[in-house]
Amino acid sequence: MKSLLIESSFPKLSCDLSRFRLQLDASELHLEEDLTRATILEIKLLQVLDLITSGRNEDAAPLIDTLVFDESYSDMPRLHVSWLWLARMTIFITNSDYMLALGAAENALMMMVEVTNKKKEDFLAILASLLYNLASVHHSLGDNARAKKELTKCQKLFERLVKKNERRFSPMLLYAIEASTSIITSKTKQMEVLKHYDDEVKLYTGMLNNGDSKKTREALVNLVNSLKKEGDIMLEMGNGHNAAKYYTKALRYQKKVSTHMGHKELQLSIGLAKALNKVANRRESAEQLLESLQPLARRLNAVNELIEIENLLNNKSKNTNIMSLLKSLF
């Protein structure tokens, strides 16, 4: 599973901290004496976010520990403390410290129990993110049954949140959908999940054409790659029917990432043709698809793919001749 996008769960702040964003590094941060207590606490929270998103977990971890254990910060809002524990959990997962990650999740949930308004967007965002992290931990520990339940609940929460705030939550919903390809072992169940989200993916990825969301684009690319990987696995197992489904889904989502036929589309289409070739009544379609891909391969100067296409077409012809000759002998 991909690491949680911690910024999607970051709670809304009550103060305008734009003037501090350029000096969030611990060595540069200078807090004026006239700042209110609430402002200082929120600056610290923002500093943690900045450290994690810039890949500095080794600096973020001790700062989080100070904020959650030091009694001088005991007046921090419970929702903010729960987010800090979620952030700490995410760092533990990155370091494969799964038992410590579960402990952080427990602490986060203990804080969330004390939050009065449990229908707020920020509360639900942290809860959905905790479920995503829990699914990741239990999947890593081999408890896929538990991970599947947590992921299903996580998906439903992010689905609700996307309807409220598409830009903020659509990348994490895509991450949760992608995780289905590794956590849900039943290929039928995987396809059911993807089918369920088909229409919604089309809606909330509409922004990609305008380049509005880099995170959404990255998440969709990850989903396409995961679907291709599943298609490759099914193909190796000789299951052309399921492989074709995964390649078709991957191509459909890839069209949201790119509006033109490029190298990625060519590879996915070749995979689809190879899958169709393993389905008895679809071999003619596979041949037609391969023939239509030859001009694209030449235009892209994709030498390896062009050779693969020609080999697949030639092998098809040879196999047909072999079958005819064998029949003539019996």
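Below is a summary of the structure that appears in this document. (Residues numbered from 1 in each chain as written. Predicted model: local features only at pLDDT ≥ 70, side-chain atom pairs only at ≥ 80, totals over all residues. Heavy atoms only, no water.)

Quick look at the overall build of the protein chain
Then step 1. Tallying secondary structure elements over the protein chain gives 13 helices and zero strands in all.
Then step 2. In the protein chain, the order of α-helices and β-strands from amino to carboxyl end is α-α-α-α-α-α-α-α-α-α-α-α-α.
Then step 3. Considering only contacts in the protein chain between residues 6 or more positions apart, those separated by 24 or more positions represent 64%.
Then step 4. A total of about 17,000 Å² of accessible surface is found on the protein chain, and carbon and sulfur atoms cover 52% of it. (Helix = DSSP H or I, 4+ residues; strand = E, 2+ residues; numbered from the N terminus. Contact = heavy atoms within 4.5 Å. Areas by Shrake-Rupley, 256 points an atom, 1.4 Å probe, with all protein chains shown as cover.)

Examining helix α11 (residues 263-276)
Then step 1. Counted at 1.5 Å a residue, the expected span for α11 with its 14 residues is 20 Å, and the 20 Å between its end C-alpha atoms agrees.
Then step 2. α11 sits mainly inside the fold: 10 of its 14 residues count as buried.
Then step 3. Here α11 has its buried residues at E265, L266, L268, S269, I270, G271, L272, A273, A275 and L276. (Expected span 1.5 Å × (residues − 1). Buried < 20%, exposed > 50% of the residue type's maximum accessible area, 1.4 Å probe, protein only.)

Digging into the environment of M89
Then step 1. As for its placement among the helices and strands, M89 is situated in helix α3 (residues 78-94).
Then step 2. Look at M89 and you get buried, because its relative accessible area is 0%.
Then step 3. On a C-alpha basis, the gap between M89 and G103 in space is 8.1 Å, while along the polypeptide they are 14 residues apart.
Then step 4. Residues in contact with M89, not counting those within four places in the same chain, are A101, A104, A105, L130, N133, L134 and V137.

Structural notes on the packing of helix α6 (residues 144-164) against helix α7 (residues 166-183)
Then step 1. Taken N-terminus to C-terminus, the directions of α6 and α7 make an angle of 155 degrees; their axes are 9 Å apart at the nearest point. Relative to α7, the element α6 lies roughly antiparallel. Note that α6 runs across α7; the crossing there is left-handed. Taken together, the residues of α7 that come into contact with α6 (itself represented by N144, A147, K148, L151, C154, Q155, F158, E159, L161, V162 and K164) are E166, F169, S170, M172, L173, A176, I177, A179, S180, S182 and I183.
Then step 2. Grouping the constituent residues of the contact of α6 with α7 by class yields 13 nonpolar, five polar and four charged. (Axes fitted to C-alpha atoms, helices over the stretch in contact; angles between N-to-C directions. Parallel < 35°, antiparallel > 145°, perpendicular 65-115°, else oblique. Left-handed = near helix turned anticlockwise from the far one by under 90°. Nonpolar A, V, L, I, M, F, W, Y, C, P; charged D, E, K, R; others polar.)

Focus: the packing of helix α2 (residues 57-69) against α3
Then step 1. Relative to each other, α2 and α3 sit at 145 degrees, their axes nearing to 10 Å. In terms of crossing hand, the pair formed by α2 and α3 is left-handed. Contacts from N57, A60, A61, I64, D65, L67, V68 and F69 in α2 reach V81, L84, W85, A87, R88, I91 and T94 in α3.
Then step 2. Of the residues contributing to the contact of α2 with α3, the split by class is 11 nonpolar, two polar and two charged.

Some thoughts on the environment of L46
Then step 1. Note on placement: L46 falls in helix α1 (residues 37-53).
Then step 2. When its relative accessible area of 2% is taken as the criterion, L46 is described as buried.
Then step 3. Remark: the alpha-carbon pair of L46 and F10, spanning 36 residues in sequence, is separated by 8.7 Å.

As for unusual backbone geometry
Then step 1. Residues other than glycine seldom take positive phi values, yet S96 does so here, at roughly 60 degrees.
Then step 2. Its location among the elements puts S96 in the loop between α3 and α4 (98-113).

So, the side chain of S8
Then step 1. Within the secondary structure, S8 sits in the segment before α1.
Then step 2. A distance of 2.8 Å separates the side chain of S8 from the backbone oxygen of L5, its partner in a polar contact.
Then step 3. If near-sequence neighbours (up to four positions away) are discounted, S8 is found in contact with A125, S129, R168, F169 and M172. (Polar contact = N/O pair within 3.5 Å; in protein donor to acceptor, adjacent residues only side chain to side chain.)

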